[in-house]
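Tertiary structure, described
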Amino acid sequence: MVWQRLALYTGSMSQLTVPLGITFSDIAAKVTNGSRIGSAEARWLWINASDSELCSLAAEVRGRFHASTACTYMVMRIINYTNVCVAQCDYCAFYKLPSQDGGYVLSHEEVFVKLDELLALGGDLAAFNGGFNPHLPLSYYCDLFASIRARYGDSLEFYALTIAEFVYLADHAKLSYTAAAARLKDAGVRWITGGGSEILTEEFRARHSKFKYTVAQYFEAQRAIVDAGLKTTATMVIGFDESFEERLEHLERTRQFQDETNGLASFLCWTFKPYFTQIGGIEITAAEYLRHLALCRIYLDNVPRIRTSVLTQNQQALIGLNYGADDFDLPIEDEVTQKAGATISLDFDRILNYARELGYSPEYRHVSLGNPPWPTGSKLG
Ligand code: SF4
């Protein structure tokens, strides 16, 4: 089977055994009835289902939330405000240790220039993502975010930090996650997103980024963010050396968190870029990414917005709309992934036309106008 050959790219995938006593029609009946699939069924789908079978189930779950041809997009910029970091993740090509040459911290003025460029290109969402810089106190972040809110008001929105940075920042300031979230909220922050999660298993964290956070810390922090009334999202990165079971554990933890909090506005999965990283390796195929995307849509039946990654898959990410996604970014910058091999195109018309060729009607999603908006014809109001 074609898929089993593709699965060999990720070593441990070839160890998977086919769950017995399960058929595609059993799973399809469950999904059509609005029931949830479990890990054995997800495993069965991953090994046995054809692409068209995965697409049909993903479309079924997508159809609970959105009209079949609807999709949304944003023009956005990731602002890497500092590359100084003490976490030393072995999959990162971006960071500099505090003692190394080449470290930087952006000034407010440099951030404003980037935001002005974003607005000029028609975008209105910035996402801040930087390293764990021990020289930056909480006041640096509060001053920066308050100055952005004061200068731009609601003309743009910003994702203030990833949860990974938030955990470091709170710990570094010796504050509880609740207190740190309150301080950031007072500074005008509305979003702290689920970036920096990669694969949420303790084994993965120990193998690749033991100084970053534990999975328990990650979810404790995200719960505090939700409880503070801030908005958040979930993310995932595949294509390291993670096993299929680790991918499933990540999805299960995400689904469980959403069951408990209903705090996740969206889920975005992208692929690891290995170039110039310590662990290196080869990129997984687009085919593997798309199949995984479909599985995410089917498994995460409680997350209405599933996003596909133009940043790491370029135009072909839009094929992900056929695999259950309903939303995508058009990024204009992200130093972290660009340093590891990602390429960015500013030819938005070409990318959007491709979505139209695939039969979709992309609509701009203004995060600055609040959350949703959902696309036309959405069943979410
Ligand atoms: S991935 Fe983030 S936390 Fe890890 S080393 Fe790179 S900048 Fe630091």
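The structure presented is a predicted model; accordingly, all values stated were derived computationally and were not measured.

Cut-offs applied
Residue numbering note: each chain is counted from 1, following its sequence as written. Per-residue local features of the predicted model are confined to residues with pLDDT of at least 70, and side-chain atom pairs are confined, for both listing and counting, to 80 or more; whole-chain, interface and lining totals are unaffected and use all residues. Secondary structure is summarised from DSSP: a helix means a run of H or I of at least four residues, a strand means a run of E of at least two, and numbering begins at the N terminus for each. For the radius of gyration, the atom set is restricted to C-alpha positions; the globular benchmark scales as 2.2 Å times the number of residues to the power 0.38. Field definition: a residue is buried when 20 or more other C-beta atoms are found within 10 Å of its C-beta, exposed when 12 or fewer are, and partly exposed for counts in between, with C-beta atoms placed from the backbone. Directions pointing from the helix axis toward each C-beta atom define the arc. By definition, residue pairs are in contact when their C-beta atoms, positioned from the backbone, come within 7 Å. Fitted lines through C-alpha atoms give the axes, limited to the stretch in contact for helices. The angle between two N-to-C directions lies from 0 to 180 degrees. Roughly parallel means an angle under 35 degrees; roughly antiparallel means over 145; roughly perpendicular covers 65 to 115; every other angle is labelled oblique. By definition, any crossing whose near helix is turned counterclockwise from its far helix by less than a right angle is left-handed, and any crossing with a clockwise turn is right-handed. Three categories are distinguished: nonpolar for Ala, Val, Leu, Ile, Met, Phe, Trp, Tyr, Cys and Pro, charged for Asp, Glu, Lys and Arg, and polar for the others, with Gly belonging to the last. Near, as applied to residues and a molecule or strand, means the residue's backbone-placed C-beta atom lies within 6 Å of it. These domain boundaries are the output of an automatic or database domain assignment. Paired strands, in this sense, are two strands between which DSSP finds at least two bridges. A clockwise path from the first strand over the helix to the second, with the strands pointing away from the viewer, defines a right-handed crossover.

1. A few points about the overall build of the chain
Scanning the chain from terminus to terminus reveals 15 helices and nine strands. Its C-alpha atoms give the chain a radius of gyration of 20 Å, within 12% of the compact-globule value 21 Å for 381 residues. Burial statistics for the chain: of 381 residues in total, 45% are counted as buried.

2. Side note on helix H8 (residues 177-186)
Buried within H8 we find Tyr177, Ala180, Ala181 and Leu184. Viewed along the axis of H8, the buried residues span an arc of 100°, placing them on a single side of the element. Where H8 is buried, its residues contact helix H6 (138-152), strand S3 (157-162), helix H7 (163-172) and helix H10 (215-227). Following H8 by one or two positions, Gly188 adopts a phi angle in the positive range, close to 100°.

3. So, unusual backbone geometry
Although it is not a glycine, Glu198 sits at a positive phi angle of roughly 45°. Within the secondary structure, Glu198 sits in the loop between strand S4 (191-193) and helix H9 (202-208). Positioned with a positive phi, Phe276 is a non-glycine residue whose angle comes to about 65°. For Phe276, the position within the fold is in the loop between strand S6 (264-271) and helix H12 (286-299).

4. Let's talk about the packing of H8 against H10
In a pair of packed helices, the angle between the axes and the distance between the axes together describe the arrangement. At a closest axis distance of 9 Å, the pairing of H8 and H10 adopts a crossing angle of 45°. In this view, H8 runs oblique relative to H10, as classed from their interaxial angle. Considering how the two elements wind past one another, H8 and H10 form a crossing that is right-handed. The residues of H10 that touch H8, namely those facing Tyr177, Thr178 and Ala181, are Glu220, Ala221, Ala224, Ile225 and Asp227. Split by residue class, the contact of H8 with H10 holds five nonpolar, one polar and two charged.

5. Some words on the site of the ligand
By nearness alone, every residue bordering the ligand is listed as Cys85, Ala87, Gln88, Cys89, Cys92, Phe94, Tyr95, Gly131, Phe132, Ala164, Ser209 and Lys212. In terms of residue class, the shell around the ligand is made up of eight nonpolar, three polar and one charged.

6. Focus on the domain arrangement of the chain
Taken domain by domain, the chain consists of domain 1 (2-62) and domain 2 (71-369). With centres defined by C-alpha atoms, the gap from domain 1 to domain 2 works out at 27 Å. Contacts between the two partners involve 22 residues from domain 1, matched on the other side by 20 residues from domain 2. At eight residues, helix H4 (residues 51-62) tops the list of elements feeding residues into the side of domain 1 that touches domain 2. For the side of domain 1 that touches domain 2, the residue count by class is 15 nonpolar, four polar and three charged.

7. Brief notes about the pairing of strand S2 (residues 125-128)
Burial along S2 is two-sided: the face carrying Leu125 and Ala127 and the face carrying Ala126 and Phe128 are both buried. Here strand S1 (residues 70-79) runs beside S2; their pairing, made up of four bridges, is parallel. Residue pairing in the sheet places Arg77 in a bridge with Ala126 of S2. In this region the chain leaves S1, passes through helix H5 (residues 108-120) and returns to the parallel neighbour S2; the handedness of that crossover is right-handed. Judged from the three bridges that link them, S2 and S3 form a sheet pairing that is parallel. Its bridge partner lying in S3, Ala127 is registered against Tyr159. Of the crossover connections in this fold, the one passing from S2 over H6 to the parallel S3 is right-handed.

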